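Geometric and topological summary
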Amino acid sequence: QVQLVESGGGLVQAGGSLRLACAASGLTFSSYGMGWFRQAPGKERLFVARITTIGTAYYADSVKGRFTISRDNTKSTVYLQMNSVNPEDTAVYYCAADRSPRVIVRIGAHEYDYWGQGTQVTVSS
């Protein structure tokens, strides 16, 4: 049974930083591409960042230069370092896994096979 468990969410002030983690189990982590998405209340789930199995990253324009995605295949964990956050970053953040480990650009939520339960990030102004 595949499980993705996010952690690290919380309340942060604008301009601050937060680091999210997503621990995976039940799959061969090094064979999966990993992504982060976010969903604000009443909005659709949007792509944030993706990382291939060999560490190539791709970002949404809205977070480029502020967020960094990384992974540790030895710990089956993917991270999202969020810097210079602003209130528009407030959302539930989800990690996701897909079976295309080397595809760099994969921004549709429907393209991912497994999802975590999400972690809330709230940025105060």
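Everything in this summary refers to the structure shown in the same document.

Rules used in this analysis
Residues numbered from 1 in each chain as written. Predicted model: local features only at pLDDT ≥ 70, side-chain atom pairs only at ≥ 80, totals over all residues. Heavy atoms only, no water. Helix = DSSP H or I, 4+ residues; strand = E, 2+ residues; numbered from the N terminus. Patch = residues over 30% accessible without salt bridge, like charges linked within 9 Å, V, L, I, M, F, W, Y side chains within 5 Å. Areas by Shrake-Rupley, 256 points an atom, 1.4 Å probe, with all protein chains shown as cover. Salt bridge = Lys/Arg side-chain N within 4 Å of Asp/Glu carboxyl O. Disulfide = S-S within 2.5 Å. Buried < 20%, exposed > 50% of the residue type's maximum accessible area, 1.4 Å probe, protein only. Contact = heavy atoms within 4.5 Å.

1. Some points on unusual backbone geometry
- Phi angles above zero are rare outside glycine, and Ser76 is one such case at about 50°.
- Take Ser76: it is sitting in the loop between β7 (67-72) and β8 (77-82).
- The residue Ser84 is not glycine, and still its phi comes out positive at about 50°.
- By the element assignment, Ser84 lies in the loop between β8 and β9 (91-98).

2. Brief notes about a nonpolar patch on the surface
- Taken together, the side chains of Tyr58, Ile104, Val105 and Ile107 present a nonpolar region at the surface, about 330 Å² in accessible area.
- With respect to the element layout, Ile104 can be found in the loop between β9 and β10 (114-115).

3. Considering the state of the cysteines
- Overall, the coordinates contain 1 disulfide when judged by the stated rule.
- Each sulfur in the disulfide pair Cys22 and Cys95 lies 1.9 Å from the other. One end of the pair, Cys22, is in strand β3 (residues 18-25); the other, Cys95, is in strand β9, and 73 residues separate them in sequence.
- Judged by relative accessible area, Cys95 falls into the buried class, the value being 0%.

4. Focus on the side chain of Asp89
- With respect to the secondary-structure elements, Asp89 resides in the loop between β8 and β9.
- In this structure, Asp89 is in contact with Arg38, Arg66, Phe67, Ser84, Val121 and Val123, ignoring residues within four places of it in sequence.

5. A closer look at the pattern of salt bridges
- All chains considered together, the criterion is met by 6 salt bridges.
- Linking Asp89 and Arg66 is a salt bridge whose minimum nitrogen-to-oxygen distance equals 2.8 Å. Taken together, the residues Asp89 in the loop between β8 and β9 and Arg66 in the loop between β6 (57-59) and β7 connect sequence positions 23 residues apart. As far as the burial class goes, Asp89 and Arg66 line up, both buried.
- With a closest N to O distance of 3.3 Å, Arg99 and Asp113 form a salt bridge. Of this pair, Arg99 sits in the loop between β9 and β10 while Asp113 is found in the loop between β9 and β10, placing the two residues 14 residues apart along the sequence.
- Shared partners join several salt bridges into a network, and the residues in it are Arg38, Arg66 and Asp89.

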